[in-house]
Amino acid sequence: YSTRFDSVELNYTFRREPSEKAVIAWREETPPGFVFSLKAPQRITHMARLRPRNDAVPSFLGRARLLGEKLGPILFQLPPTLPADFRLLESFLEVLPSGLRYAFEFRDPSWADAKPLLAARGVAWCVAETEEAPFLGDRLHGGPFAYLRLRKMGYTEEESRAWACRISSALAEGADVYCYIKHEESATGVDIAERLGRHVAELGADHPAG
């Protein structure tokens, strides 16, 4: 995988915390410049629902830091049953240490007004596109980086070029872009990702980070 792409999003970390040995192996067995984005554990997002719970956050982030320069954003994907609670979000953001990149994926529409709060702290609003919820905007949200989860089972040539334009515009503005395609047993995600990368290159921008 790391010979064809320069970043990966690990869903494994959502289910269980990896061992130190595993994290060090990820770091050592991938080429320079490769980046891992880690999905925060469900015990933080789905069980504790962002409320303080022992040392769950520092424990996970401490393990993640073992990746060194290969550590990309930490994705906090909230459950669809968690409606907007801005005091809760602010309290949670305050416990996150500086120096790392964070992205939030909200699955209840009531969180839409959280975008300015995240942007003010340099935290990315995760754009998660599905067949049921296509992304209709021309531009990505502003900030130091963008985090994309393109979850549709397939993308037409027109859709791929539209995403390439959005990504290229963000890169031109100085933002980093972490873009991840849904992967299934059919491995169609590989073709979608490589085609998207070619379109971005054709537009004269750097290859997206994922």
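Scroll up a little and you will see the structure.
Not measured: the values here are computed from a predicted model.

Caption draft 1: The overall build of the protein, seen in detail. Each helix and strand counted, the protein has eight helices and eight strands in total. Taking 2.2 N^0.38 as the reference for a compact globule, 210 residues should give roughly 17 Å; the C-alpha atoms of the protein span a radius of gyration of 17 Å, in line with that estimate. Dimensions along the principal axes, computed over C-alpha positions, put the protein at roughly 50 × 40 × 35 Å. Here the protein, with 210 residues, has 46% of them falling under the buried criterion. Expressed as a percentage of contacts within the protein between residues at least 6 apart in sequence, the contacts between residues at least 24 apart total 72%.

Caption draft 2: The arrangement of the sheet that holds strand β1 (residues 7–10) in detail. Judged by pairing direction, the sheet is parallel, and its five strands sit side by side in the order β1-β2-β3-β4-β5 without closing on themselves. A single partner strand is all that each edge strand has here, and the edge strands are β1 and β5 (124–125). Pairing between β1 and strand β2 (residues 35–39): four bridges, direction parallel. In the strand pairing of β2, leucine 10 is matched with leucine 38.

Caption draft 3: Main features of the packing of aromatic side chains. According to the stated counting rule, one finds 16 aromatic pairs in the structure shown. Among the aromatic residues, ring-to-ring pairing joins Phe76, Phe86, Phe92, Tyr102, Phe104, Phe106, Trp111 and Trp125 into one connected group. Across from the ring centre of tryptophan 125, 5.0 Å away, lies the NZ or CZ of lysine 115, which sits over that ring. The ring of tryptophan 163 carries the charged tip of arginine 166 above its face, separated from the ring centre by 4.4 Å.

Caption draft 4: Main features of the pattern of salt bridges. Here the structure, examined in full by the defined rule, presents twelve salt bridges. Arginine 149 is the salt-bridge partner of glutamate 9, the closest N and O atoms lying 2.9 Å from each other. A residue pair is termed long-range when its members are at least 10 positions apart, and glutamate 9 in strand β1 and arginine 149 in strand β7 (residues 145–150) qualify at 140 residues. Accessibility assignment for this pair places glutamate 9 and arginine 149 in one class, buried. The closest approach of N and O atoms between glutamate 157 and arginine 161, which form a salt bridge, is 3.3 Å. In this pair, glutamate 157 and arginine 161 both sit in helix α7 (residues 157–172), four residues apart, roughly one turn of the helix.

Caption draft 5: Broad picture of helix α8 (residues 188–202). Compared with the 21 Å implied by 1.5 Å per residue over 15 residues, the 21 Å span of α8 between its first and last C-alpha is a close match. Buried within α8 we find Gly189, Ile192, Ala193, Arg195, Leu196, Gly197, His199 and Val200. Where the residues of α8 are buried, they touch β7, α7 and β8 (176–181). Remark: glycine 204 follows α8 within two positions and exhibits a positive phi of approximately 85°.

Caption draft 6: Here's a closer look at the nonpolar core. With 55 residues, the main nonpolar core has Ile74 and Phe104 as its most contacted residues. Here this core takes five residues from helix α4 (residues 56–64), the largest share from any one element. Those residues in contact with phenylalanine 104, other than ones at most four positions away along the chain, are Leu50, Leu75, Phe76, Leu89, Phe92, Leu93, Leu96, Leu118, Val123, Ala124, Trp125 and Cys126. Counting residues in each nonpolar core, the second largest holds nine residues, with Ala103, Cys126, Tyr147 and Tyr178 among its members.

Caption draft 7: Molecular detail of α4. All buried positions along α4 are accounted for by Ala56, Val57, Phe60, Leu61 and Ala64. Each buried residue of α4 sits inside an arc of 115° when the element is viewed along its axis, so together they form one side. Of the surrounding secondary structure, the elements contacted by the buried residues of α4 are α1 (12–15), β2, α3 (42–47), β3 (71–77), α5 (86–95) and β4 (102–105).

The rules we used
Sequence order as written defines the numbering, with residues in each chain counted from 1. Selection of residues for local features in this predicted model requires a pLDDT of at least 70, selection of side-chain atom pairs for listing and counting requires 80 or more, and totals for whole chains, interfaces and linings are taken over all residues. In computing side-chain properties, one takes all heavy atoms of the structure into account and sets aside hydrogens as well as water. Each helix is a run of DSSP H or I of at least 4 residues and each strand a run of E of at least 2, with the numbering of both proceeding from the N terminus. C-alpha atoms define the radius of gyration in this analysis, and the globule rule sets the expected value at 2.2 Å times the number of residues to the power 0.38. For every residue, the accessible area (1.4 Å probe, protein chains only) is compared with the maximum for its type, and the residue is labelled buried under 20%, exposed over 50%, or partly exposed between those bounds. Residue contacts are counted whenever heavy atoms from the two residues lie within 4.5 Å of one another. Strands were regarded as paired on the criterion that DSSP finds at least two bridges between them. In this scheme Phe, Tyr and Trp rings, the latter by its six-membered ring, pair at centre separations within 6.5 Å, and the angle between planes marks the pair as stacked below 30 degrees, edge-to-face above 60, and tilted otherwise. By definition, being over a ring means that NZ of Lys or CZ of Arg is both within 6 Å of the ring centre and within 35 degrees of the ring normal. Only one rule defines a salt bridge in this text: a Lys or Arg side-chain nitrogen within 4 Å of an Asp or Glu carboxyl oxygen. Expected span, for any helix, means 1.5 Å times one less than how many residues it has. For this analysis, a nonpolar core means a set of buried residues of the types Ala, Val, Leu, Ile, Met, Phe, Trp, Tyr and Cys, connected via side-chain atoms within 4.5 Å. What the arc describes is the spread of directions from the helix axis to the C-beta atoms.

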